[in-house]
Amino acid sequence: QYSPDNVAGADGDNDPTEITFPGCSCLTSSCVVHACSCLCRGENYNSLCLWPTDKEEEYARPVFECNAMCQCGESCQNRVVQRGLQFRLEVFKTEKKGWGLRTLEFIAKGRFVCEYAGEVLGFNEARRRMQAQTSKDSNYIIAVREHLHSGQVMETFVDPTYIGNVGRFLNHSCEPNLFMLPVRVDSMVPKLALFAAADISAGEELSYDYSGRFHNLSITNREQKSLEDDNSLRKPCYCGSRTCASFLPWDSSLFSTP
């Protein structure tokens, strides 16, 4: 079933449609930084492109868009991901990777491309679905962990297996042209937004790193050792990039016993 937005999972632990954030009181067509409560962490976008991150930063800062309770207009520059798909994309059959997704038009670096939408699950339901899979099943469940300055970790699990959008057709690449960033609009349940990591030409396949490394940073030695330990359980990678790791990223936490 196609859905452009996240929906509540069968466990009902998270409702992505619930509006819990207060809105800004900006009586302008477009909000400005320092004057808007939604932009208290700084500017998010510049001409529809994600505001570039300092090269020294290894982590993404939170992105909060204006929401349904805000007084600003629909044309506000802080409303990007919520507007949904703006580019013409095509699902196509790849040689080795099953279905894939490509763009039919040029996409500039920093532009929002699409959301990875599906059922938003709690940890227990996500683990139950993962453990029920066989080695022949395709896995679409993604686990996103955000590390807060307080030391807490926020987890979001999205499964587009039964209900989702075109994001489910995105393949992994060890040298991807997209990167994923959680973007919040109406509540703390994020939209898993995919942005262009570089200029993308028409006809090019779209891909992201399933491990979710911010801005596609290179893998650390500790991560490499952990991955090597689980190689027997992992599926081969056919991305064909120069730095291909030979296996798809693997998260063993959903297979551990309670």
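Notes on the structure follow. (Residues numbered from 1 in each chain as written. Predicted model: local features only at pLDDT ≥ 70, side-chain atom pairs only at ≥ 80, totals over all residues. Heavy atoms only, no water.)

Things to note about the pattern of salt bridges
For clarity, the threshold we go by: The rule for a salt bridge is simple: a side-chain nitrogen of Lys or Arg has to be within 4 Å of a carboxyl oxygen of Asp or Glu. In this description a helix means any DSSP run of H or I spanning at least four residues, a strand means any run of E spanning at least two, and both kinds are numbered starting from the N terminus. In this scheme, a residue with accessible area under 20% of its type's maximum is buried, one over 50% is exposed, and one in between is partly exposed, where area comes from a 1.4 Å probe on protein chains only.
With the rule as written, the count across this model stands at 12 salt bridges. As a salt-bridge pair, Glu 105 and Arg 88 come within 3.7 Å of each other at their nearest N and O atoms. Taken together, the positions of Glu 105 in the loop between strand S6 (99-103) and strand S7 (112-115) and Arg 88 in the loop between strand S4 (63-64) and strand S5 (89-93) put the pair 17 residues apart, joining distant regions of the chain. You can call Glu 105 partly exposed: its relative accessible area is 24%. The partner of Arg 242 in a salt bridge is Glu 175, with the nearest N and O atoms 3.7 Å apart.

Concerning the pairing of strand S12 (residues 178-184)
Successive residues of a regular strand alternate their side chains across the two faces of the sheet. Put simply, the rule is: When DSSP finds at least two bridges between two strands, those strands are taken to pair.
Counted residue by residue, S12 has seven buried out of seven residues, so it is predominantly covered. Burial along S12 is two-sided: Leu 178, Met 180, Pro 182 and Arg 184 facing one way and Phe 179, Leu 181 and Val 183 facing the other are all buried. Looking at chain direction, S4 and S12 are connected through two bridges and run parallel. Counted as the bridge partner of Val 63 is Val 183 from S12.

Describing the sheet that holds strand S10 (residues 153-159)
Neighbouring strands of a sheet are bound in pairs by backbone hydrogen bonds; such pairs are parallel or else antiparallel. Worth spelling out the cut-off: Contacts: residue pairs with any heavy atoms within 4.5 Å of one another. Here an angle of 0 to 180 degrees is reported between the N-to-C directions of two axes, which are lines fitted to C-alpha atoms, with helices fitted over the stretch in contact.
The sheet built from four strands is open, its strands ordered S1-S8-S10-S9 with mixed pairing. Of all the strands in the sheet, the pair left with one neighbour each is strand S1 (7-8) and strand S9 (142-147). With three bridges joining them, strand S8 (residues 119-121) and S10 adopt antiparallel strand pairing. Note on S10: the bridge partner recorded for Val 120 is Val 158. Here helix H1 (residues 123-132) sits on the sheet and contacts S8 and S10; the angle it forms with S8, its principal contact strand, is near 110°.

The quantities given are spatial measurements derived from coordinates; they are silent on function.
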